[in-house]
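Survey of secondary and tertiary structure
In case you want the letters, here they are:
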Amino acid sequence: MPDRLKSWERWAIGAVLALMVAFGGIVLNRAAFLELRRTDADVFFRAGWAVRTGHDLYDTVSERGWSYVYPQFFAILMTPLADPPTPRTFEVNAADMRTLGPMRGLTPEQAEQRALVYEQTGRDLSGLLSSDTRWYMPFAVSVAIWYAVSLASLLLAVHLVASACTIANPRLAGLGLTPAHRGWWTLRLWPLIFALPSAGNALSRGQVDLLVLLGIAMLIFGMVQCRRWTAGIGLALAGCVKVIPGLLAIVPLWRRDWRLVATTAVGVLMMLVVIPAVVRGPSVMIQDNIRWVQTTALPAFGLGSDISRKAELISMTANDSQSFKSILHNWSQWGTPRGERASEPGPLVRLAAIGASLLMLAITLWAARWRVPGLPRTAATALGAVPLHRDPTAPLLVGCVCCVMIAASPISHLHYFVFALPLLITLCARPVADHPAQSLPAWLWLVGFGYLAAYAVPRLPGMTAVVDIGLMMIVGVALWAWGIVELRRQSRSAAGLAPCLG
């Protein structure tokens with residue numbers, strides 16, 4: 001039977017949540033008192049400014065020199081938090097590009113060319129920057145709002161995935177867990193603690209990952225609850241804010257859930273075409289989509305001639321990427337100092353990375369089976385049929401595909417591993433169902449804190465070799481393998497599912 005929380009446990013939970021909220025004070029202090037406009041969110045606020053002023057969205061930069069690389073829908077979302085650049089923005093970027101460009105994979109000539117572009121852009125915008133000061137919130141207020149939205153997205157995503165696991169597991173559903181019970185918090189709090197370094201990194205940098213995580217959680221919850229609009233809008237949100245979650249579209253396609261495919265398509269159409277066309281105008285919407293393909297999509301796959309995002313997006317020497325492509329490139333260049341390595345991988349490395357990613361995806365789909373477990377074969381095989389049952393394997397299936405997504409991304413920053421949080425929650429569900437009156441078993445604590453340590457160790461000074469080895473990716477693949485075993489077991493045992501009621 002479920003056990004109610006003790007007094008000290010309530011205090012401990014409150015302290016953890018309070019620390020997460022207080023963590024934002026560090027970000028706000030830097031923003032408000034030190035005026036360090038070098039969080040990753042700065043480029044989002046500048047993109048909002050571009051939407052408000054009609055400036056070229058993909059010619060927008062922050063004071064860190066980062067360019068806007070996301071679809072235009074996200075820039076529209078950030079319009080209320082718009083923050084205009086200053087002449088100093090372009091001066092700093094030009095100086096940084098001349099100094100750091102060659103270290104990020106650019107030739108001195110390319111770095112000088114980019115620096116001159118920054119200086120010319122600053123001159124072209126000097127009149128607009130000095131006159132347009134209408135209704136902009138202070139930078140610190142924008143940071144505070146974005147932090148609150150990100151933190152709320154994280155907590156809501158955890159709750160939605162945990163709720164989906166509870167619904168999908170008959171034993172958990174029969175326990176009637178509430179926030180007054182230990183099992184309810186165990187399923188939510190411990191996985192969050194295990195993934196807290198990656199979530200905290202995303203929060204401190206003002207990254208978009210937690211909003212994307214919320215979209216993924218909506219997909220999981222909607223598939224379990226048979227709420228296809230919730231699932232479709234969640235998948236569309238994740239893919240239209242950060243493109244790599246588009247890989248998750250394989251899930252409804254593999255399940256042949258054409259209603260979910262249709263609702264996702266409607267969401268994508270609204271977010272990438274209709275809303276931008278209304279806000280920016282049809283011609284600008286088309287231009288923005290073409291510019292995004294030219295500056296971001298094609299270069300990410302080694303295509304096209306645009307190098308404006310090379311230093312921040314595709315260079316193998318500019319960041320601590322943990323993708324298959326980056327790790328294999330590091331292994332192929334082992335023994336060569338970082339600053340002397342090739343900035344782009346060779347064709348064999350590219351092919352090996354693609355092959356490993358496709359193999360992971362194929363194994364995941366094999367483990368999930370072709371049809372929803374428990375669905376009558378006649379309904380699953382009929383042309384155009386739509387599954388009418390809950391999918392209890394959705395948390396595991398989506399969680400495993402998220403791990404494939406992390407590995408297959410052209411560049412996989414360490415904070416991307418927050419996308420493994422749904423799988424961590426799902427893997428904790430069975431122990432909670434077995435022992436709802438207790439905390440997690442010791443072996444699961446070992447796994448969870450091992451995952452936490454694998455993230456924390458590469459962040460320590462002098463641990464660049466650990467990053468090059470790909471410790472976090474190795475641990476992520478091991479977590480995926482555990483998820484595959486559970487997914488295969490659950491796919492075989494699931495039967496007699498409850499039909500959708502809504």
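Everything quoted here is computed from the prediction, not taken from an experiment. (Residues numbered from 1 in each chain as written. Predicted model: local features only at pLDDT ≥ 70, side-chain atom pairs only at ≥ 80, totals over all residues. Heavy atoms only, no water.)

1. Details of the packing of helix H7 (residues 139–168) against helix H21 (residues 421–434)
Stated formally: All axes are obtained by fitting lines to C-alpha atoms, using only the stretch in contact for helices, and the reported angles, taken between N-to-C directions, cover 0 to 180 degrees. Strands are runs of DSSP state E lasting at least two residues, helices are runs of H or I lasting at least four, and both sets are numbered from the N terminus onward. Take the far helix as your reference; a near helix turned counterclockwise from it by less than a right angle gives a left-handed crossing, and one turned clockwise gives a right-handed crossing. By definition in these notes, contact holds between two residues if any of their heavy atoms fall within 4.5 Å. Ten residues, namely Ala, Val, Leu, Ile, Met, Phe, Trp, Tyr, Cys and Pro, are considered nonpolar, four, namely Asp, Glu, Lys and Arg, are considered charged, and the remaining ones, Gly among them, are considered polar.
At a closest axis distance of 9 Å, the pairing of H7 and H21 adopts a crossing angle of 35°. Two packed elements cross with a definite hand, and for H7 against H21 that hand is right-handed. In this structure, H7 uses Leu154, Val158, Val161, Ala162 and Cys165 to contact H21, whose residues at the interface are Leu421, Pro422, Ile425, Thr426 and Ala429. Grouping the amino acids of the contact of H7 with H21 by side-chain chemistry returns 9 nonpolar, 1 polar and no charged.

2. Observations concerning the pattern of salt bridges
Let me state the cut-off plainly: Here a salt bridge means any side-chain nitrogen of Lys or Arg lying within 4 Å of a carboxyl oxygen belonging to Asp or Glu. When a residue's accessible area, from a 1.4 Å probe over protein chains only, is under 20% of the maximum for its type it is buried; when over 50% it is exposed; and in between it is partly exposed.
Evaluated as defined, the whole model comprises 11 salt bridges. Lys242 is paired through a salt bridge with Asp209; the nearest N and O atoms lie 3.6 Å apart. Of this pair, Lys242 sits in the loop between helix H12 (228–241) and helix H13 (250–255) while Asp209 is found in helix H11 (residues 209–225), placing the two residues 33 residues apart along the sequence. Taken as a pair, Lys242 and Asp209 share a single burial class, namely buried. With a shortest N-O distance of 2.8 Å, Glu486 and Arg430 are connected by a salt bridge. Of the two residues, Glu486 is situated in helix H24 (residues 471–493) and Arg430 in helix H21; the sequence distance between them amounts to 56 residues. Overlapping salt bridges, with partners in common, bring together Asp42, Arg46 and Asp83 in one network.

3. Comments concerning the environment of Trp370
Assignment of secondary structure puts Trp370 in the loop between helix H18 (347–368) and helix H19 (377–381). In this structure, the C-alpha to C-alpha distance between Trp370 and Arg256, residues 114 residues apart in sequence, is 8.6 Å. If near-sequence neighbours (up to four positions away) are discounted, Trp370 is found in contact with Trp254, Arg255 and Arg256.

4. A look at the packing of aromatic side chains
Aromatic rings in a pair are described by how distant their centres are and how their planes are angled relative to each other. Where we set the bar: Only centres within 6.5 Å qualify two rings of Phe, Tyr or Trp (six-membered ring in Trp) as a pair; their planes then separate them into stacked at under 30 degrees, edge-to-face at over 60, and tilted for everything else. Ring-over charges, as used throughout, are those where CZ of Arg or NZ of Lys falls within 6 Å of the ring centre and within 35 degrees of the ring normal.
Here the structure, examined in full by the defined rule, presents 15 aromatic pairs. Aromatic side chains Phe44 and Phe74 sit 4.9 Å apart centroid to centroid with 80° between the ring planes, which places their arrangement in the edge-to-face category. Of the two residues, Phe44 is situated in helix H2 (residues 41–53) and Phe74 in helix H3 (residues 72–77); the sequence distance between them amounts to 30 residues. Ring plane angle 55° and centroid distance 5.8 Å describe the contact between Tyr68 and Tyr70, whose orientation is recorded as tilted. Its relative accessible area of 9% is what places Tyr70 among the buried residues. Aromatic rings pair up to connect Phe44, Tyr58, Tyr68, Tyr70, Phe74 and Trp146 into one cluster. Between Arg188 and the ring centre of Trp184, over which it is positioned, the NZ or CZ distance is 3.8 Å. The aromatic ring of Trp366 is capped on one face by Arg488, whose charged end is 4.2 Å from the ring centroid.

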